[in-house]
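Residues per chain are reported as follows:
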Amino acid sequence: MAGIPLYFVDLQDDLDDFGFEDYGPDCDSMRITAFLDIPGQDNLTPLARLEKYAFSENVFNRQIIARGLLDVFRDFSNNEEDFLTVMEIVVRLSEDAEPTVRTELMEQIPPIAIFLQESRPKFPTAFFEYLMPIVVRYLTDVNNQVRKAGQEALLILLEQDLVAQSDIENKVCPILLDLSAPDSDDEYKVEAVNIICKMASMLSRTTVEHMLLPRFCELCSDGKLFQVRKICAANFGDICNAVGQEATERLLIPKFFELCSDSVWGMRKACAECFMAVSYTTSPEVRRSKLSPLFISLISDTCRWVRQAAFQSLGPFISTFANPSSAGLYIREDGTLSIRPPAQDVNSNPCQPSNNVTVMSSSANAALSSSEQPMEIKPESSTEETSAEAHTKLSEDLNKNSLEQSSDCCGSPAEDASGSCQGDTGAEGSKQSSFPGLSSGLPPAEDVFNTFLYWRPPLPDISQDLELLQVKAEKHNDGCSVPCNNCVASSEIKKVLESLQEHIDDPDVQAQVQVLSAALRAAQFDSVGDCDTKKMEESGDNLQNKMILDETVVSDAACNQVQGDTLSSPASQDDISDQSSTSVLKSTDSEEQHRGSSVFLRKEQENNPPFEDDKSKLQDIIPQPLLDQYLSMTDPARAQTVDTEIAKHCAYSLPGVALTLGRQNWHCLKDTYETLASDVQWKVRRTLAFSIHELAVILGDQLTAADLVPIFNGFLKDLDEVRIGVLKHLYDFLKLLHADKRREYLYQLQEFVVTDNSRNWRFRYELAEQLILILELYNPNDVYDYLRHIALTLCSDKVSEVRWISFKLVVAILQKFYANSASALGLNFINELVVRFRHCSKWVGRQAFAFICQAVVEEECMPVDQFVEHLLPSLLSLASDPVPNVRVLLAKALRQTLLEKAYFKSVGNPHLEAAEETILALQSDRDQDVSFFATIKLKQDNMDNITIEKQN
């Protein structure tokens, strides 16, 4: 009854007639219906007086009774007969003709229901027999305010689980179904739809599915009122969550498609806003095959407001594709993001033996088969990312190779790669001619995890490619005619041809161009197969290229021999001479050949972009169009055509998208993240700064050091609005870095002390809090050399809140020294504290010294013998300080902390006498506050003794 004093003030003049002149607004015992207990001239009992005013002709009296019904029930709950009489009065009062009275009554129903629930043993069925029918009847009241009060009361009762299941099914739902019928009044229908959507999440799934879901589906197609459809669209996600996946996919998804294509843009906008909730309820197949194209249509909507809502929901929608088993991360019960244990992490320890292959997720196992091209490993990617990709793809190719060997299939990409590797090794006959299956284990770690996997040799050096062509020609002569045996992708041959154009005058280069041109034409002719064949070719090419780069460079003599053999091969010459005369690359004239190949390559580059540009953003976790649209949110044109803050929405949802894609696909988001980090709007950079520590957990330490640390360093020098985001999670970010990288920030922590606005004291307060946590990340020497100076600077801050938290930082530093057996550093720090604070010319410094000593004793951060030797004498000397505030804190430290320790309570302690003498001196201090805090413990003991004596 928090509003009672307000009611009393408003009604003071009227209540004076009932003898309320003795009650004030602040009286704790004030009740609205207190006049029922005051004897008046009418000589009526409180119950009779209640009935008199409940049915008075004065509307004000009836409102007062309705407003104070909870107190009335409490007063008459001890007598069952009186209680039932009050309940009958309430029922009669609910039929009052004045809407304000009915509204006041309905607002009191939820607290009365809670009271009756607490005293249910006395009145088990009172609520269901008397009050619940009132709530149901008010849903159809003629007055709008009364209906709204009834709807709010019903939702509160459902939320508190105070309505019986039978009442819901037999009383509430039938009323709502009647109000939402097609022939119902428009105003009633809109209200009924709204209450159905809100109460769906509070009912059981069976009740919603059998009683409310059919009507909801009808209302989604209501052609009369767009308001009804809009309410359905806005609450579609809640309904899906209430009925579950099966009913959602069977009944609701078709209706959702209708709403997403509604002619009114408000419906489509509402659908875009609840898209994530709908997607969360569906299966991955429906999410990928049906909802993703539907979402793309909303992003491409003709209405700007629909596109704006769709782009805001794009990141959350992408996050519904997240698979913890493939991302290697999971969310703990406390909501923090954590790395999955190595045994469950598909990306961890890529150099482990093949037994780790068995725990790979299905999404990782289908990476090559579901993507159009093998994923390109970017040179600037970190070792962890690239090794994980190489390990996953290599394991898949090995698995495929094992299956194909068992079926004796000739000419498979994996076997071609195996043969190429054998040809590359030449005299190294110790290597196996084919890869072992999963049961025989992966190749040695040095063969899989090799730096040659992550960079390409200079393109003019084509010795390895010629060697590869020799193997291809030999296999061709041996009679293997399957067209999918191309070991070098067409794009790679084009690059080699382009690199040779500068040296086309060299006869040897001309011969190489002829051979490579023939290989290029053969690859083009062989790639006319279906899409599945192309995918197999590309997978084999990717595996072969990695294995070739893993081998050592062949000697020049061997390369010349291979080149001569290849050029003199009859099959190779026949291939060249049998080509069509219209081909420009057939010409033997060097000038014509150079000109023709240049034209050919130019056309091919126009039709087919470079391999790296095509595949740098490809992945198979989410539909590619969704990722493309998300990456386009940083386009400046989007800000003009969609939303000026679209970049901020992109930055806000980026950690969720990164978690969904996993660290193995970070290359898809890296450029976008760098673009956002350099955005001109500080709000965008601030959003990234607040989430960079979460992104570091997702990416791992190596990717964090390579890609996030430079951006983190930029945020450190940004505006205070951006720096505060980094500062609030400084400890969380630094603990993810390696010790050497983390130590580099010791020099930069000092920069946080300086702010753009000196009045921004909360910035320095946050710095002190973070430094308390950061202490555990550094050794005592680093703490003494760097963090000690920052702590002492903050202790001299102009704002007292900053100083007090800094004193705790000082105590934590002292605890760090003694916990790590750095007593010498601790002693030096203590001497500095005595000089800086105990002998400070300002009383604030001397007061701080007393507080520090008290905190040192409370936290027990140093040995007691060290404390009494180095700090206690200086602390006791403050008893003669001329400033009372200093002596007050000294009295608190001695009485409340120091003398309560067991060390000072022991008999015969040489330091106890000095402390007691100081306490006695403070008890007789001329300042009352000092003497009060010096004797408060004794006074408390005396009060306890007096109380015991009185009881006796």
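Look up a bit, the structure's there.
Residues numbered from 1 in each chain as written. Predicted model: local features only at pLDDT ≥ 70, side-chain atom pairs only at ≥ 80, totals over all residues. Heavy atoms only, no water.

Student: Hey, could you go over the overall build of the chain for me, with residue numbers and the actual values?
Tutor: On a plain count of helices and strands, the chain comes out with 52 helices and two strands. A burial count over the chain gives 51% of its 952 residues as buried. Considering only contacts within the chain whose residues lie at least 6 apart along the sequence, 70% involve residues at least 24 apart. Within the structure as shown, the chain displays about 44300 Å² of accessible surface, and the carbon and sulfur contribution to it stands at 51%. (Helix = DSSP H or I, 4+ residues; strand = E, 2+ residues; numbered from the N terminus. Buried < 20%, exposed > 50% of the residue type's maximum accessible area, 1.4 Å probe, protein only. Contact = heavy atoms within 4.5 Å. Areas by Shrake-Rupley, 256 points an atom, 1.4 Å probe, with all protein chains shown as cover.)

Student: Would you mind going over the nonpolar core in detail, with residue names and values included?
Tutor: If you look at the biggest cluster of nonpolar residues, it comprises 219 residues, and the most contacted ones within it are F236, F256, Y630, F867 and L875. The residues contacting L875, other than those within four sequence positions of it, are F849, A850, C853, F867, L890 and L894. (Core = buried A, V, L, I, M, F, W, Y, C linked by side-chain atoms within 4.5 Å.)

Student: Can you explain the side chain of D96? Please cite residues and give values.
Tutor: For D96, the position within the fold is in the loop between α6 (80-93) and α7 (99-118). A relative accessible area of 11% means that D96 is categorised as buried. Within the structure, the side chain of D96 is placed 2.5 Å from the side chain of R62, a separation counted as a polar contact. Engagement of the side chain of D96 in a polar contact is seen with the backbone nitrogen of E98, the distance being 2.7 Å. What D96 contacts, discounting residues up to four positions off in sequence, is R62, V101 and R102. (Polar contact = N/O pair within 3.5 Å; in protein donor to acceptor, adjacent residues only side chain to side chain.)

Student: Break down the packing of helix α36 (residues 646-661) against helix α38 (residues 682-716) for me, citing the residues and quoting the values.
Tutor: At a closest axis distance of 9 Å, the pairing of α36 and α38 adopts a crossing angle of 5°. In terms of their interaxial angle, α36 and α38 are classed as roughly parallel. Taken together, the residues of α38 that come into contact with α36 (itself represented by A647, K648, A651, Y652, L654, P655, A658 and L659) are K683, V684, T687, L688, S691, L695 and I698. (Axes fitted to C-alpha atoms, helices over the stretch in contact; angles between N-to-C directions. Parallel < 35°, antiparallel > 145°, perpendicular 65-115°, else oblique.)

Student: An account of the pattern of salt bridges is requested, with residue identities and associated values reported.
Tutor: Following the criterion strictly, the structure yields 27 salt bridges and no others. E218 serves as the salt-bridge partner of R215, at 3.2 Å between the closest nitrogen and oxygen. Of the two residues, R215 and E218 are both situated in helix α12 (residues 205-220); the distance of three residues between them amounts to about one turn of the helix. Residue class for R215 comes out buried when judged on its relative accessible area of 17%. Judged by its relative accessible area of 47%, E218 falls in the partly exposed class. Between E273 and K269 there is a salt bridge whose closest N-O contact spans 2.5 Å. (Salt bridge = Lys/Arg side-chain N within 4 Å of Asp/Glu carboxyl O.)

Student: Give me helix α43 (residues 780-795): which residues, what numbers.
Tutor: Along α43, the helix axis deviates most sharply at L787, where the bend reaches about 45°. When α43 is considered as a whole, its buried residues turn out to be P780, D782, V783, Y784, L787, R788, I790, A791, L792, L794 and C795. Buried residues along α43 sit in contact with α41 (739-743), α42 (761-774), α44 (800-819) and α45 (823-838). Put simply, N779 is the residue that caps the front of α43, since its side-chain oxygen is 3.1 Å from the backbone nitrogen of N781. (Bend = angle between axes of the 7 residues up to and from the residue.)

Student: Outline the packing of helix α19 (residues 304-319) against helix α34 (residues 624-631), supporting the account with residue identities and numerical values.
Tutor: Packing of α19 against α34 brings their axes to within 10 Å, and their N-to-C directions diverge by 130°. Looking at the two axes, α19 sits oblique to α34. Remark: the crossing between α19 and α34 carries left-handed chirality. For the pair α19 and α34, the contacting residues are F311, L314, G315, F317 and I318 in the first and L626, Q629 and Y630 in the second. Residue composition of the contact of α19 with α34, by class: six nonpolar, two polar and no charged. (Left-handed = near helix turned anticlockwise from the far one by under 90°. Nonpolar A, V, L, I, M, F, W, Y, C, P; charged D, E, K, R; others polar.)

Student: Would you mind going over helix α15 (residues 245-260) in detail, with residue names and values included?
Tutor: Turn by turn, an α-helix covers 3.6 residues, leaving residues three or four places apart pointing in a common direction. Helix length check: α15, at 16 residues, gives a terminal C-alpha distance of 19 Å against a target of 22 Å (1.5 Å per residue), a shortfall beyond 12%. Contact partners of the buried residues in α15: α12, α13 (226-234), α14 (236-243), α16 (265-273), α17 (275-281) and α18 (284-299). (Expected span 1.5 Å × (residues − 1).)

Student: Could you give an account of the packing of aromatic side chains, naming the residues involved and the relevant values?
Tutor: Counting across every chain of the model gives 22 aromatic pairs. Ring plane angle 80° and centroid distance 5.4 Å describe the contact between F712 and Y745, whose orientation is recorded as edge-to-face. Taken together, the residues span a long stretch of sequence, with F712 in helix α38 and Y745 in the loop between α41 and α42 at a distance of 33 residues. Assessed through its relative accessible area of 3%, Y745 is described here as buried. Residues F807 and F851 carry aromatic rings whose centres are separated by 5.9 Å and whose planes lie at 50° to one another, so their mutual orientation is tilted. Within this pair, whereas F807 is found in helix α44, its partner F851 is found in helix α46 (residues 843-859), the two being separated by 44 residues in sequence. Within the aromatic cluster, the residues linked to one another by ring pairs are F216, F236, F256, F275, F295, F317 and F321. Stacked on the ring of F321, the Lys or Arg R287 has its end atom at 5.8 Å from the ring centre. Looking at R788, its charged tip hangs above the ring of Y784, at a distance of 4.0 Å from the centre. (Phe/Tyr/Trp six-rings, centres within 6.5 Å; stacked < 30°, edge-to-face > 60°. Lys NZ or Arg CZ within 6 Å of the ring centre and 35° of its normal.)

Student: Requested: an account of unusual backbone geometry, with residues and values cited.
Tutor: In this structure, S821 is a non-glycine residue whose phi angle is positive, near 60°. Here S821 lies in the loop between α44 and α45. In this model, E860 sits at a positive phi of 50°, which is unusual for a non-glycine residue. Structurally, E860 is set in the loop between α46 and α47 (864-870). Its relative accessible area of 58% is what places E860 among the exposed residues.

Student: Explain the environment of L154 to me, and be specific about the residues and the numbers.
Tutor: Looking at the element boundaries, L154 is found in helix α9 (residues 144-159). Using a relative accessible area of 0% as the deciding quantity, one classes L154 as buried. Residues L154 and Y138 lie 16 residues apart in sequence; the distance between their C-alpha atoms is 9.9 Å. Look past the residues within four positions of L154 in its chain and what remains in contact with it is M132, V135, L139, V172 and I195.

Student: Tell me about the environment of L912, and please be specific about residues and values.
Tutor: When you line up the elements, L912 lands in helix α51 (residues 910-923). Separated by 14 residues in sequence, L912 and L898 place their C-alpha atoms 9.8 Å apart.

Student: I'd like to hear about the side chain of Q151, residue by residue, with values.
Tutor: Counting through the fold element by element, Q151 comes out in helix α9. Those residues in contact with Q151 that sit more than four places away from it in its chain are L139, E191 and I195.

The analysis is restricted to geometry; functional conclusions fall outside its scope.
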